[in-house]
Amino acid sequence: MDYVIINNADATFDDVKHELYGGAKYAVFDLTGFDEDSDFYKLFKYSKERFPEKVFKDKEELDTYIADKSDDKTVSDLKFSDFKLNSDGLIPCIAQESSI
C-alpha cells in the first residue's frame, strides 16, 4: 500500500496535492496534538473535502476504507460457484440469434 503520512504543521494544500499527484495513493494526516481550530486540522478538513477517497485522519481509517473497498467484487473476482445454476448445473442465459 502506497501512502504518505503528513505531519508537518507548516504543510499547505499544495503539499498535499504534490504528494497525491506525485504517486502516493493515499495521504494520512497525523493529527496528534492539533486542535480542531488549528490551521493543520483545517488543512486536513479541506483536503478531505477535495480528495474524499484519498485523504484520511489516521491509519486506522485508511485500513477500514481499504477493507470495505476490497469487499466490493469486480468482474475478475467472480467465480463460477458465485452464480446461481439451473437444474442442469449451467449458468442460465438468454441467447438471441443474429440475422446478419
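Please read these numbers as outputs of a predicted model, since none were measured by experiment.

Caption draft 1: Broad picture of the pairing of strand S1 (residues 3-6). In S1, alternate side chains face the same way, and those of Val 4 and Ile 6 are buried while those of Tyr 3 and Ile 5 on the opposite face are not. Relative to strand S2 (residues 26-29), S1 runs parallel, the two being bridged by four bridges. Bridge pairing in S2 links Ile 5 to Val 28.

Caption draft 2: A look at the pattern of salt bridges. In the structure shown here, the tally under the stated rule is two salt bridges. Note that Asp 14 is salt-bridged to Lys 17, the shortest N-O span being 3.4 Å. A residue pair is termed a helical-turn pair when its members lie 3 or 4 positions apart in one helix, as Asp 14 and Lys 17 do in helix H1 (residues 13-21) at three residues. Its salt-bridge partner being Lys 59, residue Asp 63 comes within 2.7 Å of it at the nearest N-O pair. Taken as a pair, Asp 63 and Lys 59 lie in helix H3 (residues 59-71) at a separation of four residues, close to a single helical turn. Taking relative accessible area as the criterion, Asp 63 reaches 34% and is therefore assigned partly exposed. Note on Lys 59: relative accessible area 30%, which makes it partly exposed.

Caption draft 3: Local environment of the sheet that holds S1. Spatially, the three strands line up as an open sheet ordered S1-S2-S3, and their pairing is parallel. The open sheet has two edge strands with one neighbour each: S1 and strand S3 (55-56). Bridging between S2 and S3 involves two bridges; their strand directions are parallel. Of the residues in S3, the one forming a bridge with Val 28 is Phe 56. Taken strand by strand, H1 contacts S1, S2 and S3, and its axis lies near 140° from that of S2.

What counts and what doesn't
Residues numbered from 1 in each chain as written. Predicted model: local features only at pLDDT ≥ 70, side-chain atom pairs only at ≥ 80, totals over all residues. Heavy atoms only, no water. Buried < 20%, exposed > 50% of the residue type's maximum accessible area, 1.4 Å probe, protein only. Helix = DSSP H or I, 4+ residues; strand = E, 2+ residues; numbered from the N terminus. Pairing = 2+ DSSP bridges. Salt bridge = Lys/Arg side-chain N within 4 Å of Asp/Glu carboxyl O. Contact = heavy atoms within 4.5 Å. Axes fitted to C-alpha atoms, helices over the stretch in contact; angles between N-to-C directions.

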